[in-house]
Amino acid sequence: MDTDKIDWREVREEAVEILGAYIKINTTNPPGNEMEAARYLEGILSREGIDTKIYEPVSHRANLMAVLPGQGQGAPMILLNHMDVVPVEEDKWELDPFGGIVKDGYIHGRGAIDMKGKGVAELMAVLLLKRYKIPLKRDVIFLATADEEAGGNWGVKWMLEREPRLKEAAFVLNEGGSILLRDNGEVDHYEIATAQKVVSQFTLRARGRSGHGSMPHRDSANVKLIRALHRVVEWETPFMVIPLVKEYFANLAKIRSPEEAEGYRDIEKALSDPSFVETFCANPCYNAMVRNTLTPTILRAGKKVNVIPSEAEAIFDCRILPGSSVEELFSQLRDIIGDEDIEISLLPDFESHPLPPSPTDNELYQAIFKVAQRKDPGCVVTPFLITGATDSRFFRGAGVPCYDFSPFRLRQDELRLVHGHNERISTENLAFASEVIFEIVKEVAAG
Ligand SMILES: [Zn+2]
């Protein structure tokens, strides 16, 4: 069948309906409860005759894998998406976060962007490939997973152990980058995340002698921790410009004002100029792209006002750049704190292996580039470093290149809705993403 005949208005209507119903299935993690969501997606895929399997790593949790078989010329491609969402503060929302309500051209609800919306766009691409009987040279795998928002242990990590053939994939398309719009609605640039910072969260713990609050003494855990924290928060971690970040800013230089562009063309050099640093590092995202960051997020000590506690701790959300080492960072921290009574320990939840970026000469990256040029001729497409974490770290750890890109055209204020109140995606964006993903998959898998 001729894919030029696809009625994209119909595709939009179908995608909107699917996403609305999908948002209604509450998969807030914790606890996740992805099984109902998996059954819902399975229903849609099986109706079309697509081979689909649900996995249940633990009760009520689920992963789903659907495969469109190819002719075995080339390793499979994976369309990855997670079914779980982050919690909501329901009273802060204007509309029901689990209502899947369509209003003024937007579908409202938790997960609309992150990432049920992208999941539905991937699903639409798969359905269209099947309906239009597009011959495939390689398998196209639709993989909807559990637990991304809480570490991924029951999701991608579990699936990689259970289904070793996933490790043989040629590449993965996941969430992360997007298409950024200027305030006037014009496309600014396409961002494809090819790497991410490494989660290296840790605890600083001080121990001392307990006692009565009326008689302060020198061996106080609280006082020791406060001194240590003071030194740590005053420390400015050194700049480290990895080649990927250098390339990112050089690409942005092409579309920035002459003043900004001058520094962006060689960010490494510009960061030796204090006045540039001041403006540049005021942007928290840019700041996090050029250095390891240590953010104290949890402080715990004392339960009663007249008791000196014997233990005090501070937990840091620490993210390190690919290529740097947590051991080295900890040894720098020990020097800065200069107190052997302060213990530094890595939180056990994350495996922190710095992984190199996925290459931009990869077939999938090139396909995204090509489709971007078709949609927005002459646009800047750039690799990007995510300062947060996605499930791609598990695939990269297994040696599979990952490209984190959701083809949603978003303004900065819309991007901030991710994990925030009133998350929503326009029906236009949902349709556009379905079309772009369909075209990208055709580029790399049609044969
Ligand atoms: Zn997500």
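Please read all numbers here as calculations on a predicted model, not as lab measurements.

S.K.: Looking at this structure, I do not really get the overall build of the chain. What am I missing?
M.R.: In terms of regular secondary structure, the chain is built from 15 helices and 18 strands. Computed over C-alpha atoms, the radius of gyration of the chain comes to 24 Å, within 12% of the 22 Å expected from 2.2 N^0.38 for 447 residues, which places it in the range of a compact globule. Split into buried and exposed, the 447 residues of the chain put 42% on the buried side. Considering only residue pairs separated by 6 or more positions, the chain has 78% of its internal contacts joining residues 24 or more positions apart.

S.K.: What exactly am I supposed to notice about the pairing of strand β10 (residues 202–207) here?
M.R.: Two faces make up the sheet, and in a regular strand the side chains alternate between them. Two elements, β10 and strand β14 (residues 311–320), share 6 bridges in a ladder whose sense is antiparallel. In the sheet register, T203 faces β14, and the bridge partner there is I315. Here 5 bridges tie β10 to strand β15 (residues 342–346), and the two strands are oriented antiparallel to one another. Counted as the bridge partner of F202 is L346 from β15.

S.K.: Looking at this structure, how should I read helix α1 (residues 8–24)?
M.R.: Because an α-helix packs 3.6 residues into every turn, residues spaced three or four apart end up facing the same way. With 17 residues, α1 extends 24 Å between its outermost C-alpha atoms, agreeing within 8% with the 24 Å of an ideal straight helix rising 1.5 Å per residue. Along α1, the residues classified as buried are V11, A15, I18, L19, Y22 and I23. Taken end-on, α1 shows its buried residues confined to a sector of 130°, consistent with a single buried face. Residues of α1 that are exposed and angled more than 90 degrees away from the buried face: R9 and E10.

S.K.: Can you walk me through helix α12 (residues 363–375) in this structure?
M.R.: In this model, α12 (13 residues) spans 18 Å end to end at C-alpha, consistent with the 18 Å of a helix rising 1.5 Å per residue. On its buried face, α12 is in contact with β3 (77–82), β7 (171–181), β8 (187–196), β16 (380–386), β17 (402–410) and α15 (427–445).

S.K.: I'm lost on unusual backbone geometry in this one. Help?
M.R.: Peptide bonds are trans in most cases, and residues, glycine excluded, mostly fall at negative phi. Cis peptide bonds are those with omega within 30 degrees of zero, and the linkage from N29 to P30 qualifies with 0°. Mapped onto the secondary structure, P30 falls in the loop between α1 and α2 (34–47). Cis geometry marks the peptide bond from D114 to M115, where omega comes out at -15°. As for its position among the elements, M115 is in the loop between β5 (106–108) and α3 (116–131). Positive phi is not limited to glycine here, since N33 has a value of about 50°. By the secondary structure assignment, N33 is in the loop between α1 and α2.

S.K.: It is not clear to me how the sheet that holds β5 should be interpreted in this structure. Could you clarify?
M.R.: Strands belonging to one sheet form pairs held by backbone hydrogen bonds; the direction of such a pair is parallel or antiparallel. Within the open sheet, the 3 strands sit side by side as β4-β5-β18. Their pairing is antiparallel. One side of each edge strand has no neighbouring strand; the edge strands of this open sheet are β4 (102–103) and β18 (424–426).

S.K.: Looking at this model, I keep getting lost on the domain arrangement of the chain. Mind explaining?
M.R.: Note: interface size is frequently given as the accessible area lost on complex formation between the parts. Each assigned domain of the chain is listed with its residue range as follows: domain 1 (3–197 + 356–445) and domain 2 (198–346). For domain 1 versus domain 2, the separation of C-alpha centres amounts to 32 Å. In this complex, domain 1 contributes 14 residues to the contact, which on the side of domain 2 involves 16 residues. Of all the secondary-structure elements, those providing two or more residues to the side of domain 1 that touches domain 2 are β8 and β16. Looking at which element gives the most residues to the side of domain 1 that touches domain 2, the answer is β16, with 5 residues. A class-by-class count of the residues in the side of domain 1 that touches domain 2 yields 8 nonpolar, 4 polar and 2 charged.

S.K.: Sorry if this is basic, but what is going on with the packing of α12 against α15 here?
M.R.: Between α12 and α15, the least distance of the axes is 9 Å, while the angle of their chain directions is 130°. Between α12 and α15, the angle is such that the two are oblique. Between α12 and α15 lies a crossing of right-handed hand. Of α15, the residues touching α12 (which contributes E363, L364, A367, I368, K370, V371 and K375) are V436, E439, I440, E443 and V444. Residues that form the contact of α12 with α15 fall into these classes: 7 nonpolar, no polar and 5 charged.

S.K.: Can you walk me through the environment of P216 in this structure?
M.R.: By the element assignment, P216 lies in the loop between β11 (211–212) and α5 (221–234). A sequence separation of 91 residues divides P216 from V307, and the C-alpha atoms of the two residues are 9.9 Å apart.

S.K.: Quick question: what am I supposed to make of the nonpolar core here?
M.R.: Within soluble globular proteins, side chains that are nonpolar generally end up buried alongside one another. M77, V126, V140, I368 and V441 are the most contacted members of the largest nonpolar core, which totals 94 residues. Taken together, domain 1 (3–197 + 356–445) and domain 2 (198–346) each give at least three residues to this core, which thus spans both.

S.K.: Any chance you could explain the environment of P243 here in plain terms?
M.R.: With respect to the helices, strands and loops of the structure, P243 is situated in helix α6 (residues 243–253). P243 sits in the exposed class, given 11 other C-beta atoms within 10 Å. Measuring from C-alpha to C-alpha, the distance between P243 and P357 comes to 9.8 Å, with 114 residues separating the pair along the chain.

Cut-offs used in this document
- Residues numbered from 1 in each chain as written.
- Predicted model: local features only at pLDDT ≥ 70, side-chain atom pairs only at ≥ 80, totals over all residues.
- Helix = DSSP H or I, 4+ residues; strand = E, 2+ residues; numbered from the N terminus.
- Rg over C-alpha atoms; globule rule 2.2 N^0.38 Å.
- Buried ≥ 20, exposed ≤ 12 C-beta atoms within 10 Å, placed from the backbone.
- Contact = placed C-beta atoms within 7 Å.
- Pairing = 2+ DSSP bridges.
- Expected span 1.5 Å × (residues − 1).
- Arc of directions from axis to C-beta.
- Domains from an automatic or database assignment.
- Nonpolar A, V, L, I, M, F, W, Y, C, P; charged D, E, K, R; others polar.
- Axes fitted to C-alpha atoms, helices over the stretch in contact; angles between N-to-C directions.
- Parallel < 35°, antiparallel > 145°, perpendicular 65-115°, else oblique.
- Left-handed = near helix turned anticlockwise from the far one by under 90°.
- Core = buried A, V, L, I, M, F, W, Y, C linked by C-beta atoms within 7 Å.

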